[in-house]
There are 2 protein chains.
Amino acid sequence: MASVAGPEIERLIQLLARLPGLGPRSARRAALHLIKKRDALMTPLAGALQLAIDRVQVCKVCSNIDTQSPCTICTDARRDPTTIVVVADVADLWALERANAAPGKYHVLGGTLSPLDGVGPGDLTIDALVARAHEPEVTEIILALNATVDGQTTAHYITDLLQEANVKVTRLAHGVPVGGELDYLDEGTLSAAMRQRTLF
Amino acid sequence: MASVAGPEIERLIQLLARLPGLGPRSARRAALHLIKKRDALMTPLAGALQLAIDRVQVCKVCSNIDTQSPCTICTDARRDPTTIVVVADVADLWALERANAAPGKYHVLGGTLSPLDGVGPGDLTIDALVARAHEPEVTEIILALNATVDGQTTAHYITDLLQEANVKVTRLAHGVPVGGELDYLDEGTLSAAMRQRTLF
Ligand SMILES: [Zn+2]
Ligand SMILES: [Zn+2]
């Protein structure tokens, strides 16, 4: 292939193939699409990437990514400063924002504890979270972590660390997804949904 | 969303979502992945795109894309100059090259005739193909077009035009599944179809 389309195109395909969701075949299609849409897509994309390279940074307060630090959320005076929603990843923050589900500010851990993958507390922003939890205005830490073994291990670890902070530590409710069918739910979810049932 | 991550990141996501194979959700994941792999992936990708923007061009002979014109294939003295393999798209050329299935040079039509989509002969490189077919050294035109209605319509149209040229017109054997597209075929099928090409 390299000898056919030239090393530049081959390199572009290889880099595109490293994006999540694109395999070798779809990377080739994406490269061709870009080359065909040179002015309408390839040039704007190259520019957008360069702009992101130049401007995107990690928020020094919450570890969100933004083009400013502290980030737009940390500096938003309309957001409840007493509540911090803890997420593993910026993708989770984005998901909660799309759902308009978070009442306050955020804290992005940068992952979850995972002994098997060699991820320990020092690899996450846990120290910064503990420091924020000790700030006088903060009254609640909401752990919005995946309902997986690693997510719940991380939640327990953080909860223990926050014993001495004067905050309430909560986590997302388990339950039936909106639009979900009972017949397809696992037993753990069904049991939790039953225990945490609410008045209709 | 735009107010959360900043317009630069939102724009990057929107552009990534226009790549084939990436929807809005996978474009967000791709953008985050790029931002996290800033030095290892985002910067190289921006550079590869800019290099492609600067260097990729359409071959003036066969309409292949390459960083040189005439392209690497057109200038390759080891390739049989008597045979021209006609494909609709560069993706099909790449597929045949991966299968090492084409004996000679290529001609990229830039699509297939499609009255419903408003694609007529003037939108394709058919005139250039007819001119090449009249060159003395060319003895065979292999129509490697999709086994779809549009592909076969295009094959018939070209065959009629080439009646006056002193060439044999062949097409890929019916190892190609009816309704199938070349770019999705395995290499063995492509090779067999090339070997068993028949007189049109
Ligand atoms: Zn922040
Ligand atoms: Zn060429």
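Per chain, residues are indexed from 1 in the order of the written sequence. Just so you know, chain letters begin at A and ligand numbers begin at 1, following the order they were written in. Given that this is a predicted model, residues contribute local features only at a pLDDT of at least 70 and side-chain atom pairs are listed and counted only at 80 or more, while totals for whole chains, interfaces and linings are drawn from all residues. Derived side-chain values reflect all non-hydrogen atoms in the structure, with water molecules and hydrogen atoms excluded from consideration.

If you check an unreviewed UniProt entry, chain A appears there as Recombination protein RecR from Tardiphaga alba. UniProt positions are given in the numbering used here, feature names are shortened, and annotations may be inferred rather than shown by experiment. Entered under Function (unreviewed entry) in the UniProt record, the comment concerning chain A runs "May play a role in DNA repair. It seems to be involved in an RecBC-independent recombinational process of DNA repair. It may act with RecF and RecO."

Draft legend 1. A look at the overall build of chain A. Numbering of helices and strands runs from the N terminus, with a helix taken as a DSSP run of H or I at least four residues long and a strand as a DSSP run of E at least two residues long. Assigned secondary structure in chain A consists of eight helices and six strands. Written out in order from the N terminus, the α and β elements of chain A read α-α-α-α-β-β-β-α-β-α-β-α-β-α. A compact globule built from 200 residues should have a C-alpha radius of gyration of about 16 Å, whereas chain A, at 21 Å, is more than 25% larger. In terms of overall dimensions, chain A has a C-alpha envelope of 65 × 45 × 35 Å along the principal axes. Note on classification: 1.4 Å probe, protein chains only; a residue is buried when its accessible area is under 20% of the maximum for its type, exposed when over 50%, partly exposed between these limits. When burial is assessed residue by residue, chain A has 44% of its 200 residues classed as buried. By definition, residues are in contact when any of their heavy atoms lie within 4.5 Å. For chain A, contacts bridging at least 24 residues in sequence account for 44% of all contacts bridging at least 6. Residue-level accessible areas treat just the shown protein chains as cover; the underlying method is Shrake-Rupley with a 1.4 Å probe. Here chain A displays about 10,800 Å² of accessible surface, and carbon together with sulfur accounts for 53% of that area. Distance from the positive charge centre (19 side chains) to the negative charge centre (23 side chains) of chain A: 10 Å. Atoms considered for the radius of gyration are the C-alpha atoms alone. The globule rule reads 2.2 Å times the number of residues to the power 0.38. Charge counting treats Lys and Arg as positive and Asp and Glu as negative, with His and both chain ends excluded. By convention, the point assigned to a charge is CZ for Arg, NZ for Lys, CD for Glu and CG for Asp.

Draft legend 2. Structural context of the packing of helix α2 (residues 7-16) of chain B against helix α3 (residues 24-36) of chain B. Residues and elements named next belong to chain B. Only the stretch in contact is used when fitting a helix axis, every axis being a line fitted to C-alpha atoms; angles between N-to-C directions are given from 0 to 180 degrees. One can describe the packing of α2 onto α3 by two numbers: an axis separation of 8 Å at closest approach and a directional angle of 125°. Compared by their axis directions, α2 and α3 come out oblique. Between α2 and α3 the crossing geometry is right-handed. Each of Ile9, Leu12, Ile13 and Leu16 in α2 lies in contact with α3, whose residues at this interface are Pro24, Ala27, Arg28, Ala30, Ala31, Leu34 and Ile35. Orientation categories follow fixed angle ranges, with anything under 35 degrees roughly parallel, anything over 145 roughly antiparallel, 65 to 115 roughly perpendicular, and all other angles oblique. Note: crossing handedness is left-handed where the near helix turns anticlockwise from the far helix by less than a right angle, and right-handed where it turns clockwise.

Draft legend 3. Here's a closer look at the UniProt feature "domain: Toprim" (unreviewed entry) in chain A. Per the UniProt entry, the sites bearing "domain: Toprim" (unreviewed entry) are residues 82-177 of chain A in this numbering. Within the segment residues 82-177 of chain A, helix and strand shares are 31% and 20% respectively, and the terminal C-alpha atoms sit 28 Å apart.

Draft legend 4. Here's a closer look at the coordination of the zinc ion (ligand 1). All names here are of chain A. Donor atoms are limited to N, O and S found within 2.8 Å of the metal ion, a distance that becomes 3.2 Å for Na, K and Ca. With water left out, some sites might look partial. The zinc ion (ligand 1) binds to the protein through Cys59 (SG), Cys62 (SG), Cys71 (SG) and Cys74 (SG); the donor distances cover 2.3 to 2.4 Å. Square planar and octahedral sites, with four and six donors, are those where opposite donors lie more than 155 degrees apart and all other angles lie between 65 and 115, tetrahedral sites have four donors with every angle between 85 and 135 degrees, and the rest are irregular. One can describe the site at the zinc ion (ligand 1) as tetrahedral: its four donor atoms subtend angles covering 104 to 116° at the metal. Within one chain, the residues serving as donors to the zinc ion (ligand 1) are arranged as C-x2-C-x8-C-x2-C. Separated by 15 residues along the polypeptide, cysteine 59 in the loop between β1 (57-58) and β2 (65-66) and cysteine 74 in the loop between β2 and β3 (80-87) bring together distant segments of the chain.

Draft legend 5. Just the UniProt feature "zinc finger region: C4-type" (unreviewed entry) in chain A, in detail. Per the UniProt entry, the sites bearing "zinc finger region: C4-type" (unreviewed entry) are residues 59-74 of chain A in this numbering. In the segment residues 59-74 of chain A, helix accounts for 0% and strand for 12%; the C-alpha atoms at its two ends are 8 Å apart.

Draft legend 6. Main features of the coordination of the zinc ion (ligand 2). Residues and elements named next belong to chain B. The zinc ion (ligand 2) binds to the protein through Cys59 (SG), Cys62 (SG), Cys71 (SG) and Cys74 (SG); the donor distances cover 2.2 to 2.4 Å. Around the zinc ion (ligand 2), the four donor atoms sit at angles spanning 103 to 117°, and that spread fits a shape best called tetrahedral. Here the donor residues of the zinc ion (ligand 2) share one chain and are spaced in sequence as C-x2-C-x8-C-x2-C. An identical accessibility class is assigned to cysteine 62 and cysteine 71; each is buried.

Draft legend 7. Highlighting helix α4 (residues 38-55) of chain A. The end-to-end C-alpha separation of α4(A) is 24 Å, in line with the 26 Å expected for 18 residues at 1.5 Å each. If you check which residues of α4(A) are buried, you get Leu41(A), Met42(A), Pro44(A), Leu45(A), Ala46(A), Ala48(A), Leu49(A), Ala52(A) and Ile53(A). For a helix, the expected span equals 1.5 Å multiplied by the number of residues minus one.

Draft legend 8. Spotlight on the interface of chain B and chain A. Residue-level contacts link 58 residues of chain B with 55 residues of chain A. In this description, buried area is defined as the sum, over both parts, of the accessible area (probe of 1.4 Å) that is lost when the two are combined. Across the interface of chain B and chain A, roughly 5,400 Å² is buried in total on both sides, 71% from carbon and sulfur atoms. A pairing counts as a salt bridge when a side-chain nitrogen of Lys or Arg comes within 4 Å of a carboxyl oxygen of Asp or Glu. If you look at where chain B meets chain A, you find four salt bridges. In this structure, Arg55(B) and Glu8(A) form a salt bridge, with 2.9 Å as the shortest nitrogen-oxygen distance. What qualifies as a polar contact is a pair of N or O atoms within 3.5 Å, subject to a donor-acceptor requirement within protein and to the restriction that residues adjacent in sequence count only when both atoms come from side chains. At the junction of chain B and chain A, the tally comes to eleven residue pairs in polar contact (both at pLDDT 80 or more).

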